[in-house]
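If you want the building blocks of each chain, they are given just below.
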Amino acid sequence: HTRSLCDWSSDVCSSDLVGVILVAGIIYLIIKLVNNWRSRPIDPMGNLSSLQVSVGSTPPGEIPSDEYLRRARLAAENGIYSEAIAQLLLGTLSATERRGLIRFRKGLTYRDYRRALRTIRPAQEAFERLCGIYLPVGFGRREAGHDQFEESLANYLRCVQAVETVPQPTTAPVTNSGGAVNTPTVPA
């Protein structure tokens, strides 16, 4: 049997067409999977491992928590909810530092502040909820809205109120990243 050139080229063309369709289908499925993965709901309370994120190099306690609250309300009035929630979180850090529950040092994480609040259960729970709202918003994975701000504000108020009811120690304990509390000694 001899094949003509036209018969041979049509077989090649149809197999090329099938290959192109298969590759396009695979690319479509990959794009669909990536889009589904990106739009999945994130449980903020289940993702508290990101509490290991470093806080910054400037002590939040240098500014009173009321000032952070004022800034948060101003940002929320202007529709900048992500910044408003960030200011509320900084306010809880400030209240924790100013009450002497933790001493600021470079490299502290949200987990360190959570540990410092462990003796004040309502404050720790409110702080965890506030972090659960802030972390997905603050690191760009979610848009913040008015509802998240209101929930963050309620958690901020609960945390700060609980922290302020604790008697202020004469010296601030130092919490290391391993969770141990080292109380500085005061010379007699």
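Quick note: structure is the one above.
The shown structure was predicted, so the numbers you read here are calculated from the model rather than taken from an experiment.

## Observations concerning the packing of helix α3 (residues 81-98) against helix α6 (residues 146-164)
- For the pair α3 and α6, interaxial distance at closest approach is 10 Å and the crossing angle is 5°. In terms of their interaxial angle, α3 and α6 are classed as roughly parallel. Residues Tyr81, Ala84, Ile85, Leu88, Gly91, Thr92, Ala95 and Thr96 of α3 form the contact with α6, whose participating residues are His146, Gln148, Phe149, Ser152, Leu153, Tyr156, Cys159, Val160 and Val163.
- When its residues are assigned to classes, the contact of α3 with α6 shows 11 nonpolar, six polar and no charged.

## Looking at the packing of helix α2 (residues 65-77) against α3
- Packing of α2 against α3 brings their axes to within 8 Å, and their N-to-C directions diverge by 170°. Comparing the axis directions of α2 and α3 gives the class roughly antiparallel. Every residue of α3 that contacts α2 at Ser65, Tyr68, Leu69, Arg71, Ala72, Ala75 and Ala76 is listed here: Tyr81, Glu83, Ala84, Gln87, Leu88, Leu90, Gly91, Ser94 and Ala95.
- In the contact of α2 with α3, the residues fall into 10 nonpolar, four polar and two charged.

## Quick word on the side chain of Glu97
- Structurally, the position occupied by Glu97 is in helix α3.
- Of the side chains with opposite charge, Arg98 lies nearest to the buried Glu97, which makes no salt bridge, at 7.1 Å.
- Only 2.8 Å separates the side chain of Glu97 from the backbone nitrogen of Gly61, close enough to count as a polar contact.
- When near neighbours in sequence (up to four residues on either side) are disregarded, Glu97 contacts Pro59, Pro60, Gly61, Ile102, Phe104 and Tyr113.

## Notes on the pattern of salt bridges
- What the rule picks out here adds up to five salt bridges.
- Of the charged contacts in the structure, one is a salt bridge between Arg71 and Glu67, with a shortest N-O distance of 3.2 Å. Of this pair, Arg71 and Glu67 both sit in helix α2, four residues apart, which is roughly one turn of the helix.
- Judged by its relative accessible area of 23%, Glu67 is partly exposed.
- The partner of Glu125 in a salt bridge is Arg121, and the shortest N-O contact between them spans 3.2 Å. With a gap of four residues between them, Glu125 and Arg121 both fall in helix α5 (residues 121-138), about one helical turn apart.
- Through salt bridges with shared partners, a single ionic network connects Glu67, Arg70 and Arg71.

## Section: the packing of aromatic side chains
- Under the definition given, this model contains three aromatic pairs.
- On the basis of an interplanar angle of 45° and a centroid distance of 6.4 Å, the ring pair of Tyr81 and Phe149 is categorised as tilted. With Tyr81 in helix α3 and Phe149 in helix α6, this pair connects stretches of sequence that are 68 residues apart. Exposure class is identical for Tyr81 and Phe149. Each is buried.
- Seen in terms of ring centroids, Tyr110 and Tyr134 are 6.4 Å apart; in terms of plane orientation they differ by 75°. Their pairing is edge-to-face. Of this pair, Tyr110 sits in helix α4 (residues 110-116) while Tyr134 sits in helix α5, placing them 24 residues apart in sequence.
- Residue classification places Tyr110 among the buried residues on the basis of a relative accessible area of 7%.

Definitions and limits used
Residue indices begin from 1 for each chain and proceed along its sequence in written order. Reporting in this predicted model follows two pLDDT cut-offs: at least 70 for local features of residues, and 80 or more for side-chain atom pairs to be given and counted; totals over whole chains, interfaces and linings ignore these cut-offs and use all residues. To obtain the side-chain values, all non-hydrogen atoms of the structure were used and water was disregarded. Axes here refer to lines fitted to C-alpha atoms; in helices the fit is confined to the stretch in contact. Angles between the N-to-C directions go from 0 to 180 degrees. For helices the rule is a DSSP run of H or I covering at least 4 residues; for strands it is a run of E covering at least 2, with both sets numbered from the N terminus onward. The cut-offs work like this: below 35 degrees is roughly parallel, past 145 is roughly antiparallel, 65 to 115 is roughly perpendicular, and the gaps in between are oblique. When checking whether two residues touch, look at their non-hydrogen atoms; a contact exists if any pair is within 4.5 Å. For this classification, the nonpolar set comprises Ala, Val, Leu, Ile, Met, Phe, Trp, Tyr, Cys and Pro, the charged set comprises Asp, Glu, Lys and Arg, and every other residue, Gly included, is treated as polar. Think of it in three bands: residues with accessible area under 20% of the maximum for their type are buried, residues over 50% are exposed, and the middle band is partly exposed, with areas taken using a 1.4 Å probe on protein chains only. For the purpose of counting charges, residues Lys and Arg are taken to be positive, whereas Asp and Glu are taken to be negative. His and the chain ends are not included. Salt bridge, as applied in this entry: a Lys or Arg side-chain nitrogen positioned within 4 Å of an Asp or Glu carboxyl oxygen. N or O atoms within 3.5 Å of each other form a polar contact, as long as, within protein, one can give a hydrogen and the other can take it, and as long as residues adjacent in sequence are counted only when both atoms are side-chain atoms. Only Phe, Tyr and Trp rings take part, Trp by its six-membered ring, and two of them pair if their centres are within 6.5 Å. Stacked means planes under 30 degrees apart, edge-to-face means over 60, and tilted covers everything else.

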